[in-house]
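Overview (structure and organization)
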Amino acid sequence: MTAISKTAILARLSAVRAPGAEDDIVAQGLVSEIIIAGNDVTFALTAQARDARAMEATRRAAEEAVKALPGIGKVIVALTADRPAKSSGTPAEAARHARGTAVPGVSRIIAVASGKGGVGKSTTAVNIALGLVAMGLRTGILDADIYGPSMPKLLGLTERPRLSGPGSKKLKPLERFGLKAMSMGFLVDESTPMIWRGPMVMGALVQMLREVEWGALDCLVVDMPPGTGDVQLTLAQQTPLSGAVIVSTPQDLALIDARKGLAMFEKVSVPVLGIVENMSYFLCANCGTRHEIFGHGGAKAEAEKLSVAFLGEVPLDAELRRRSDQGEPVTACEPASPLAAVYRNIAGRVWQAVASGENSRKPPPRIIIEK
Ligand code: ADP
């Protein structure tokens, strides 16, 4: 049970007003999503670059106001230049508003998520995206795993993104294997410690979504940060997602985590397109035998139980790991391999699931009788 509630925090913040402002900071929509971890609280306040200095006093006042709550732990309030959605009274309204705001030129956004790290979520995300490219779809990938970005390695990209044109404030995504890509890893050196605070992470992600010149895309695949915490939930809530794919390994524990992933997307009303079972079985290159090391079929059975589509299974494959780590994703670099076919199939099912979800939400066609 969380002792500290968002309502109590917002009530305190409603008493804080920036110098010269007509309304308090909550009513002005300057407060970001509030992240509560145990008794620690983190959120951001929006400040225009030119009045950031003046806002410092307001930031401190907001921090003090929240610190006065009984039982409170650490309070971190950051200033950010990223503005929540316009004309929104509360962070909840801001989230709803942002969710409904499409990314210009991008038709569909699909999240690839996992209940925990290390299950092969990023590997799956990049290969599904390349499977969509192979289907002739204009596709991009956004690496939202800000703490451990993997797209530079998986796609073998080392250059930095540039501004999309003279005077432009938008970044041009990098491109590899016909796939557009953006990752915090392209902007920050691997050796730089990433001490991102929750709201800062959100700000960075919203920027990567909206301030990148994606161009016309049929599909943008978002490689979500692993897990189902507050950052993931906020991201799922604030991104206009068409659907989500959950990656799981066959182990029971991972499946428990996968269920948490399902619950998270259900909570924010994002349709779950299905589950992919990764490291499903081991196909021995020498004897050709299929070894089901982890007890195979767990994800499929689980998907059935939860009435979620099973999108396919990817074997545990040393060559896949070796190539991934070298920036040579199999779907693009070994298109004739059985593994590439596995990923193309999964991508096809993902695409079908998105399309059928859209069809089922559309009103039935009207019959017009021409005279
Ligand atoms: P996550 O995004 O879930 O943290 P990654 O995609 O980064 O996981 O994968 C973790 C490691 O497992 C990487 O070294 C990757 O190459 C390897 N890996 C992922 N899927 C497979 C697979 N099917 N077979 C072999 N190795 C895999």
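A brief structural summary. The model shown is predicted, which means the values in this text are computed figures rather than measured ones.

1. Observations regarding the environment of Thr234
With respect to the helices and strands, the residue Thr234 is situated in helix 8 (residues 230-238). Thr234 gets classed as buried once you look at its relative accessible area, which sits at 3%. Spatially, the C-alpha atoms of Thr234 and Met264 are 10.0 Å apart, while their sequence positions differ by 30 residues. Other than its neighbours up to four places away in sequence, Thr234 contacts Glu33 and Met202.

2. Focus on the pairing of strand 7 (residues 179-183)
Strand residues, when the strand is regular, have side chains that alternate between the two faces of the sheet. The buried count for strand 7 comes to four of five residues, which makes it a mostly enclosed element. Bridge analysis of strand 5 (residues 139-143) against strand 7 gives four bridges, and the strand direction is parallel. Among the inter-strand pairings, Asp143 is bridged to a residue of strand 7, identified as Ser183. Sheet topology places strand 6 (residues 174-176) next to strand 7; three bridges connect them, and they run antiparallel. Bridging across to strand 7, Glu175 finds its partner in Lys180.

3. Structural notes on unusual backbone geometry
Even without a glycine there, the phi angle at Ser269 is positive, about 55°. Locating Ser269 in the fold gives a position in the loop between helix 9 (252-267) and strand 10 (272-283). We classify Ser269 as exposed; its relative accessible area is 57%. The residue Met279 is not glycine, and still its phi comes out positive at about 55°. Of note, Met279 is situated in strand 10.

4. Section: the nonpolar core
In this structure, Ile141, Trp214, Met224, Val245 and Phe265 are the most contacted members of the largest nonpolar core, which totals 80 residues. Per-element tally for this core: the top contributor is helix 13 (residues 338-361), with eight residues. Excluding anything up to four places from it in sequence, Trp214 contacts Val103, Val106, Gly140, Ile141, Leu142, Pro173, Lys180, Ala181, Met182, Met208, Leu209 and Leu220.

5. Digging into the layout of surface pockets
Over the atoms rolls a probe the size of a water molecule, and its path tells where empty space is left. One number sums up the size of the second largest pocket: a volume of about 400 Å³. Along its surface, the second largest pocket is lined by 24 residues, and Val119, Gly120, Thr123, Asn278 and Met279 are the ones closest to its centre. Mapped by element, the contributors of at least two residues to the lining of the second largest pocket are helix 4 (121-134), helix 5 (151-155), strand 10, strand 12 (310-316) and helix 11 (318-325). Among the elements that line the lining of the second largest pocket, the one with the most residues is helix 11, at five residues.

6. Some points on the site of the ligand
Residues in close proximity to the ligand total 17 residues, the closest being Gly118, Lys121, Ser122, Thr123 and Pro315. In this structure, an oxygen atom belonging to the ligand sits 2.9 Å away from a main-chain N or O atom of Gly118. Between Pro315 and the ligand, the recorded distance is 2.9 Å, taken from a backbone N or O atom to a nitrogen atom. In isolation the ligand offers 560 Å² of accessible surface; the protein chains occlude 82% of this area.

About the thresholds
- What you see as residue numbers is a count from 1 along each chain, following the sequence as written.
- Predicted model: local features are reported for residues with pLDDT of at least 70 only, side-chain atom pairs are reported and counted for 80 or more only, and whole-chain, interface and lining totals are derived from all residues.
- To obtain the side-chain values, all non-hydrogen atoms of the structure were included, while hydrogens and water were left out.
- Secondary structure follows DSSP: runs of H or I at least 4 residues long count as helices, runs of E at least 2 residues long count as strands, and numbering of each begins at the N terminus.
- Each residue gets one of three labels from its accessible area relative to the maximum for its type: buried under 20%, exposed over 50%, partly exposed in between, using a 1.4 Å probe on protein chains only.
- Residue contacts follow a heavy-atom distance rule, with two residues in contact if any of their heavy atoms lie within 4.5 Å.
- One bridge is not enough; two strands pair if DSSP finds at least two bridges between them.
- Buried Ala, Val, Leu, Ile, Met, Phe, Trp, Tyr and Cys residues form a nonpolar core when they are joined through side-chain atoms within 4.5 Å.
- Whether a set of points on the 1 Å grid over the protein atoms alone is a cavity depends on a 1.4 Å probe fitting there but being unable to get out, while an open set qualifies as a pocket with protein on both sides within 12 Å along at least five of seven lines; lining residues are those with an atom within 4 Å of a point.
- Grid points are joined across faces, edges and corners, and a volume is the space filled by probe spheres set on the points.
- Only heavy atoms are used to decide nearness, and a residue is near a molecule or strand if one of them lies within 4 Å of it.
- Nitrogen and oxygen atoms within 3.5 Å of one another constitute a polar contact, given that in protein one can donate a hydrogen and the other can accept it, and given that sequence-neighbouring residues count only through two side-chain atoms.
- Accessibility throughout is a Shrake-Rupley quantity obtained with a 1.4 Å probe, and a residue counts as covered only by protein chains that appear here.

Any link to function would need more than the numbers given here.
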